[in-house]
Every structure is written in C-alpha cells, then in structure tokens.
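Read off the chains here:
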Amino acid sequence: MAHGWQDTGLRYGLVTRIFHWSMAVILLWQFSGIVINRLIGRSALTDMLNSTHGEIGAVILLLAALRALWGFYNLGNRPKHESGPLGTAARLGHIGLYVLMLFIPAVAFLRAFGSEWGLALFGVEIVPRGAEDIGWMVTPANLLHGIFAWTLLAMIAGHIGMALVHRFVWKDEVISRMAGKTGKLQAAE
Ligand code: HEM
C-alpha cells in the first residue's frame, strides 16, 4: 500500500507536492523583483526582492537537484503523461523546466566563481572580490543566464496556462493530482 508521502499512478505524494509548491513560491520571489523593476522601476520593494537573488538561486539549484533525484526514484510510480503529441509535449516541457532550473543557477555560479565581482551567500563571503575574470567561466552566463531565465519564465507561464486548460476547459483531474485532493482519485487507489 502506498503511503501519503509517496507518488502513486493516480496522484503525487506529499514530498513531490512540497517540492512543487515551494519551488513555485521561490521562483515567484526570484522573478517578481526583476519583472517589477523592469515594468515600473527600482524601489525599496525590488531592492529587497533582488537582494536575495544569489541565495534564492542556490536554493532553487539545490531543490531542483533533489527534486530531479526524487523524480527519477519515482519514475515508474507517478501519474503517466497521456499518449500522443500533447503527452509528448508535456513530457518534453517538464524535462525542459528541470534542465533550465538546474542550468540557470549553475552557470551563474560558474561565473561567480570566475569573476572579479566575487560571491557572498547568506552573508558569508564565498569568493573574494577583485580577482581577474576567467573567460571560460564568465562567458557562458554572460551569454545565456538572462535569455534562459526569460525562457524559463515563458515556460512557467505555459505550464500554468496548460494547468488552467486542464482544469477549466478539459475539466480533468490533472490539477487535483498536484493539489493533494482526496475524493475520486484516492477512492480509486
Ligand atoms: C533559477 C535561478 C535563477 C533565476 C531564475 C535567475 C533569473 C535571472 C533573471 C531573469 C535575470 C535578468 C536578466 C536580464 O536582465 O535580462 C538575472 C540576472 C542575473 N543573475 Fe540570475 N537567476 C537565477 C540564479 C542566479 C544565481 C545563482 C546568481 C549568482 C550566483 C545569479 C546572478 C545573476 C546576475 C549577476 C545577473 C545580471 C547579469 C545577467 O543578466 O547575466 N542568478 N537572473
């Protein structure tokens, strides 16, 4: 018998749901400071949100790595994507989200380790300021960090959009699996 914290073929368990919704909140935090800054300019609010950019990035990297491991461990043991082109698109979209959540902070840390700007996380100096830039370490993030971060934001918008289509157009139970709803699904287990 499956425990509530494990995934099953019919719904996501507590561990997966905690990963999913905690990452939703911290990604919202990470993007909102930058987006608000772009839309209406710099303020005390955007300074506060953006002052944790590296720390939130570190938490996202850690959670994404743990979540990917948890996903592999549960691969044969969680709700399946539908067959056909929509299911394939959903599977590729989810893989893409994982890849970006790992790549975007990883490449930024590579830059931080090889950059004259140094790096402090949670008030602790990790890399001192003032060293020489190391080209191969800073170039990938200079080229890709921003563009891939905006791509991630667009994919998150698509992800939320498709979840709403499932809920309000197709009226299926895809959202319930991640909302931890009891009822029809659990009764069927
Ligand atoms: C998943 C985690 C992260 C996300 C979603 C993210 C997102 C973003 C976004 C949207 C921008 C603005 C790009 C633009 O202005 O066009 C940005 C810039 C920046 N981020 Fe991140 N970031 C993450 C992690 C990190 C980490 C861990 C660090 C540092 C160790 C970092 C350092 C920077 C820096 C220095 C910039 C300004 C230069 C640039 O655009 O490349 N980021 N980030």
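Residues numbered from 1 in each chain as written. Predicted model: local features only at pLDDT ≥ 70, side-chain atom pairs only at ≥ 80, totals over all residues. Heavy atoms only, no water.

Some points on the UniProt feature "transmembrane region" (unreviewed entry) in the protein
Mapped onto this numbering, the UniProt entry annotates "transmembrane region" (unreviewed entry) at residues 18–36, 56–75, 95–114 and 147–169. Structurally, residues 56–75 comprises 90% helix and 0% strand, and the distance from its first C-alpha atom to its last is 27 Å. (UniProt positions renumbered as here; feature names shortened; annotations may be inferred. Helix = DSSP H or I, 4+ residues; strand = E, 2+ residues; numbered from the N terminus.)

Here we look at the packing of aromatic side chains
As enumerated under the stated definition, the model contains 4 aromatic pairs in all. Taking 6.4 Å as the distance between ring centres and 35° as the angle between the ring planes, the aromatic pair formed by Trp5 and Trp70 counts as tilted. On the criterion of sequence distance, the pair formed by Trp5 in the segment before helix H1 (14–40) and Trp70 in helix H3 (residues 53–73) is long-range, its members being 65 residues apart. For Trp5, a relative accessible area of 41% puts it in the partly exposed group. Centre to centre, the rings of Phe103 and Phe148 are 5.3 Å apart; their planes meet at 50°, and the pair counts as tilted. A residue pair is termed long-range when its members are at least 10 positions apart, and Phe103 in helix H4 (residues 85–113) and Phe148 in helix H5 (residues 135–169) qualify at 45 residues. The exposure class of Phe103 is partly exposed, given its relative accessible area of 30%. The class for Phe148 is partly exposed, based on a relative accessible area of 28%. (Phe/Tyr/Trp six-rings, centres within 6.5 Å; stacked < 30°, edge-to-face > 60°. Buried < 20%, exposed > 50% of the residue type's maximum accessible area, 1.4 Å probe, protein only.)

Looking at the packing of H1 against H3
Two elements in contact, H1 and H3, have axes whose closest approach is 10 Å; the angle formed by their N-to-C orientations is 155°. By the angle class used here, H1 and H3 are roughly antiparallel. As H1 packs across H3, the resulting crossing turns out to be left-handed. Where H1 abuts H3, its residues Val15, Thr16, Phe19, His20, Ser22, Met23, Ile26, Leu27, Trp29, Gln30 and Ile34 lie against His53, Ile56, Gly57, Val59, Ile60, Leu63, Ala64, Leu66, Arg67 and Trp70. Looking at the contact of H1 with H3, its residues break down into 14 nonpolar, 6 polar and 1 charged. (Axes fitted to C-alpha atoms, helices over the stretch in contact; angles between N-to-C directions. Parallel < 35°, antiparallel > 145°, perpendicular 65-115°, else oblique. Left-handed = near helix turned anticlockwise from the far one by under 90°. Contact = heavy atoms within 4.5 Å. Nonpolar A, V, L, I, M, F, W, Y, C, P; charged D, E, K, R; others polar.)

A short note on the layout of surface pockets
When its volume is computed, the largest pocket comes out at roughly 1800 Å³. His20, Arg67, His94, Leu97 and His159 are the residues nearest the centre of the largest pocket, which is lined by 47 residues in total. For the lining of the largest pocket, a count of residues per class yields 30 nonpolar, 11 polar and 6 charged. The computed volume of the second largest pocket comes to approximately 750 Å³. The wall of the second largest pocket is formed by 35 residues, among which His53, Gly54, Ala108, Arg111 and His145 lie closest to the centre. Partitioning the lining of the second largest pocket into residue classes produces 19 nonpolar, 11 polar and 5 charged. (1 Å grid on protein atoms, 1.4 Å probe; cavity = no way out; pocket = protein on both sides within 12 Å on 5 of 7 lines; lining within 4 Å. Points joined across faces, edges and corners; volume = space filled by probe spheres on them.)

Overview of a nonpolar patch on the surface
A grouping of Leu86, Ile160, Met162, Leu164, Phe168, Val169 and Trp170 is seen on the molecular surface, where their side chains present a nonpolar patch of about 700 Å² in accessible area. A per-element tally of the nonpolar patch places H5 first, with 5 residues. Structurally, Val169 can be placed in helix H5. Its relative accessible area of 56% is what places Val169 among the exposed residues. (Patch = residues over 30% accessible without salt bridge, like charges linked within 9 Å, V, L, I, M, F, W, Y side chains within 5 Å. Areas by Shrake-Rupley, 256 points an atom, 1.4 Å probe, with all protein chains shown as cover. Salt bridge = Lys/Arg side-chain N within 4 Å of Asp/Glu carboxyl O.)

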